[in-house]
Amino acid sequence: MGIKVHGIALSTCTARVLLCLCEKGLDYEIVPVDIPNSAHKQQPYLSLNPFGQIPALEDGDVKVFESRAISKYLARKYKDTGVDLLGSSSLTESIIVDTWMEVESHQFNSPMQTIIRQMVVNPIFGIACDEKIIGAELEKLGKVLDVYEERLSKCKYLAGDFYSLADLHHIPHLVYFMRNPRSSIITSRPHDSCVGNEMKTLPSIDNNKYAIANSFAKNTADPKVEVSSDSLKNEVSYGLQFDLSQPGNDFLYMLLFLAKLVHASSGELFVH
Amino acid sequence: MVVKVYGPIMAACPQRVMACLLEKDVEFEIVHVDLEAEEHKTSDFLLRQPFGQVPAIEDGDFKLFESRAIIRYYAAKYEERGPNLLGNSLEGRALVDQWLEVEAHNFNDLVYTLVLQLVVLPRMGKHGDVVLARSCEQKLEKVFDIYEQRLSNATYLAGDSFTLADLSHLPGIRYLVNDAGMGHLVAERKHVNAWWEAISNRSAWKKLMKLVNY
């Protein structure tokens, strides 16, 4: 019995879990949840997540909900597979990872979630954006990003010089946000531009994942996205300001993978 | 060297940290931060906590912020001492994390908003938004219903023993029950009530209550 993720790939919280699984090179199955018909608010889904939210994970007999708890569980269980996402080599390192996961959870998530709902989700359902709310949340986000800028001027990733769950947890929201012109709030801060986008060579790249991203790109109608075979330099659009000069970067593939899922969607988008 | 906890002793997030230190029998001293005088926004304090919030800790040369990261640190550092607050197995740890996330995302904001409107603002001589507080209360009723269901199947949130998941709720529920007049949220639910009785009568929490002078 393999890993099952109940949710929708386009949901930022489900994507958070999928990203972790991809980073670890783990096999999994997505069990779609019929959000438009409120399946998540009824049984049997409620027995997986009593708060009626996606995602939920089944790993054999183990059931976990809350995307950040799920990613930690996976990163811990499969610590020795793929990239170590928890800074497990020392308590000090792992607690810095914890700290910046808390920062994402308490400082970054709230304004970003509101902004994404206003700018991305509402238009799909024909609801007008509230510019006042967007303005207020962008201001809050700006202050948070100032702290990130300061942090990232001292180290490459949030927890130090290594990529971790602390960075990964930000990616799903960033995938949506970076496609919008208001992402200048990030690109105008040079170190923030690199966060989550820093193309540092990561160990043990599974070329199949690259193939997934590539075939996805080919199979969509969007001519703007092409993934070249020997380097990802300069060829990705979507307003994602990447330095793509370094090949073999797992989380870029996943970012592209998610970006393509977003682009290929036709209103199945859901952010809970 | 004694751990320094920066923050007012009355505030919920520093209390979360202090409760954990007391459970683990770690000596600490409180360095008061005057929130009304906006001491938490001064450039000195921002070096400790760049988001200008309490608490922050200093343990020798090691500095940390975010209360839930701090309690994880001490629970791990002193894993062998006192109660095991982290969970006994991979699955156990996942359940602790799960209910810590529930506290952070489904519980905390509602409690914070309600207590701000009904307790903190009036104490500062300002008007709280009673309608907003009532809306939080209604949402909390639903949240506590889910807790009631969970606690009818397990003595504590993550299973058979007291863990960080339960500890993290202590300051917020105390505010709800003792200061905000929301005791019915707990008292009307048999298993939540039993759980609250158990966790709020732990000697570590009672020591903290004495320290705060409640």
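Residues numbered from 1 in each chain as written. Chains lettered and ligands numbered in written order. Predicted model: local features only at pLDDT ≥ 70, side-chain atom pairs only at ≥ 80, totals over all residues. Heavy atoms only, no water.

Concerning the overall build of chain A
Now for step 1: Summing up its helical and strand segments, chain A has ten helices and four strands in all.
Now for step 2: Once local pairs closer than 6 in sequence are excluded, the contacts in chain A between residues at least 24 apart make up 67%. (Helix = DSSP H or I, 4+ residues; strand = E, 2+ residues; numbered from the N terminus. Contact = heavy atoms within 4.5 Å.)

Some points on the interface of chain A and chain B
Now for step 1: Each partner contributes to the interface: chain A provides 30 residues, whereas chain B provides 30 residues.
Now for step 2: Surface buried jointly by chain A and chain B totals about 2,700 Å² across both partners, of which 68% is contributed by carbon and sulfur atoms.
Now for step 3: One can count three salt bridges joining chain A with chain B.
Now for step 4: Residue Asp97(B) is joined to Arg76(A) by a salt bridge in which the shortest nitrogen-to-oxygen separation is 3.1 Å.
Now for step 5: Our enumeration of links across chain A and chain B arrives at nine residue pairs in polar contact (both at pLDDT 80 or more).
Now for step 6: When residues of the side of chain A that touches chain B are traced back to their parent elements, those giving at least two are strand 4 (62–65), helix 2 (67–77), helix 3 (91–124) and helix 4 (131–152) of chain A.
Now for step 7: The dominant element in the side of chain A that touches chain B, judged by the number of residues it contributes, is helix 3 of chain A, at 13 residues.
Now for step 8: Of the residues assigned to the side of chain A that touches chain B, the class counts are 15 nonpolar, seven polar and eight charged. (Buried area = accessible area lost by both parts, 1.4 Å probe. Salt bridge = Lys/Arg side-chain N within 4 Å of Asp/Glu carboxyl O. Polar contact = N/O pair within 3.5 Å; in protein donor to acceptor, adjacent residues only side chain to side chain. Nonpolar A, V, L, I, M, F, W, Y, C, P; charged D, E, K, R; others polar.)

Considerations on the nonpolar core
Now for step 1: Ranked by size, the top nonpolar core spans 139 residues in total, and within it Leu74(A), Trp100(A), Phe177(A) and Tyr147(B) carry the most contacts.
Now for step 2: Sorting elements by how many residues they give to this core places helix 3 of chain A first, with twelve residues.
Now for step 3: The residues contacting Trp100(A), other than those within four sequence positions of it, are Val147(A), Tyr148(A), Arg151(A), Leu158(A), Ala166(A), His170(A), Phe51(B) and Phe65(B). (Core = buried A, V, L, I, M, F, W, Y, C linked by side-chain atoms within 4.5 Å. Buried < 20%, exposed > 50% of the residue type's maximum accessible area, 1.4 Å probe, protein only.)

Re the packing of helix 3 of chain A against helix 3 (residues 67–77) of chain B
Now for step 1: At a minimum axis distance of 8 Å, the contact between helix 3 of chain A and helix 3 of chain B shows a crossing angle of 155°. Here helix 3 of chain A lies roughly antiparallel to helix 3 of chain B, going by the angle between them. When you trace helix 3 of chain A past helix 3 of chain B, the crossing you get is right-handed. Along the contact surface, helix 3 of chain A presents Leu91(A), Ile95(A), Asp98(A), Thr99(A), Glu102(A) and His106(A), while helix 3 of chain B presents Arg68(B), Ala69(B), Arg72(B), Tyr73(B), Ala76(B) and Lys77(B).
Now for step 2: Taken together, the residues of the contact of helix 3 of chain A with helix 3 of chain B sort by class into five nonpolar, two polar and five charged. (Axes fitted to C-alpha atoms, helices over the stretch in contact; angles between N-to-C directions. Parallel < 35°, antiparallel > 145°, perpendicular 65-115°, else oblique. Left-handed = near helix turned anticlockwise from the far one by under 90°.)

So, a nonpolar patch on the surface
Now for step 1: Together, Ile124(A), Phe125(A) and Ile127(A) line one region of the surface with nonpolar side chains, adding up to about 280 Å² of accessible area.
Now for step 2: By secondary structure assignment, the location of Phe125(A) is in the loop between helix 3 and helix 4. (Patch = residues over 30% accessible without salt bridge, like charges linked within 9 Å, V, L, I, M, F, W, Y side chains within 5 Å. Areas by Shrake-Rupley, 256 points an atom, 1.4 Å probe, with all protein chains shown as cover.)

Focus on the environment of Val17(B)
Residues and elements named next belong to chain B.
Now for step 1: For Val17, the location among the structural elements is in helix 1 (residues 12–23).
Now for step 2: As for Val17 and Arg134, which are separated by 117 residues in sequence, their C-alpha atoms are 29 Å apart.
Now for step 3: Once residues within four sequence positions are removed from consideration, Val17 is found in contact with Val5, Pro55, Ile57, Ser67, Ile70 and Ile71.

Some thoughts on the confidence of the model for chain B
Note that predicted coordinates carrying low pLDDT should not be read in detail.
Now for step 1: Taken residue by residue, chain B gives an average pLDDT of 97. The fraction at 70 or more is 100%.
Now for step 2: Quick note on the complex model: pTM equals 0.85, ipTM equals 0.94. (pLDDT = per-residue confidence, 0-100.)

Side note on unusual backbone geometry
Now for step 1: Cis geometry marks the peptide bond from Ile54(A) to Pro55(A); its omega dihedral reads 5°.
Now for step 2: Counting through the fold element by element, Pro55(A) comes out in the loop between strand 2 (28–32) and strand 3 (56–59).
Now for step 3: Cis geometry is found at the peptide bond from Val54(B) to Pro55(B), where omega equals 5°.
Now for step 4: With respect to the helices and strands, Pro55(B) occurs in the loop between helix 2 (43–48) and strand 3 (56–59).
Now for step 5: Notably, Glu38(B) is not glycine yet its phi reads approximately 60°, a positive angle.
Now for step 6: Inspection of the secondary structure puts Glu38(B) in the loop between strand 2 (28–31) and helix 2.

Digging into the sheet that holds strand 4 of chain A
Paired through their backbone hydrogen bonds, the strands of a sheet run either parallel or antiparallel.
All names here are of chain A.
Now for step 1: A sheet is described by the order of its strands in space; here four strands give the open sequence 2-1-3-4, paired in mixed fashion. Edge positions in the open sheet fall to strand 2 and strand 4, since each of these has one partner strand only. In this sheet, neighbouring strand axes are inclined to one another by 20° on average, regardless of whether the strands run parallel or antiparallel.
Now for step 2: When strand 1 (residues 3–7) meets strand 3, the two strands line up antiparallel, connected through four bridges. Each bridged residue has a counterpart across the sheet, and for His6 the counterpart in strand 3 is Ala56.
Now for step 3: Relative to the sheet, helix 1 (residues 12–23) contacts strand 1, strand 2 and strand 3, its axis offset from that of strand 1 by approximately 160°.
Now for step 4: Packed onto the sheet, helix 2 meets strand 1, strand 3 and strand 4 and runs at close to 135° relative to strand 4. (Pairing = 2+ DSSP bridges.)

Considerations on the packing of helix 1 of chain B against helix 3 of chain B
Residues and elements named next belong to chain B.
Now for step 1: Closest axis-to-axis distance for the helix 1/helix 3 pair is 9 Å, and the angle between their directions is 5°. Comparing their axes, helix 3 and helix 1 come out roughly parallel. Of helix 3, the residues touching helix 1 (which contributes Cys13, Arg16, Val17, Cys20 and Leu21) are Ser67, Arg68, Ile70, Ile71, Tyr74 and Ala75.

Structural notes on the environment of Met10(B)
Residues and elements named next belong to chain B.
Now for step 1: Locating Met10 in the fold gives a position in the loop between strand 1 (3–6) and helix 1.
Now for step 2: For Met10 and Met209, which are 199 residues apart along the polypeptide, the C-alpha to C-alpha distance reads 9.8 Å.
Now for step 3: Other than its neighbours up to four places away in sequence, Met10 contacts Gln15, Tyr175, Val212 and Tyr214.

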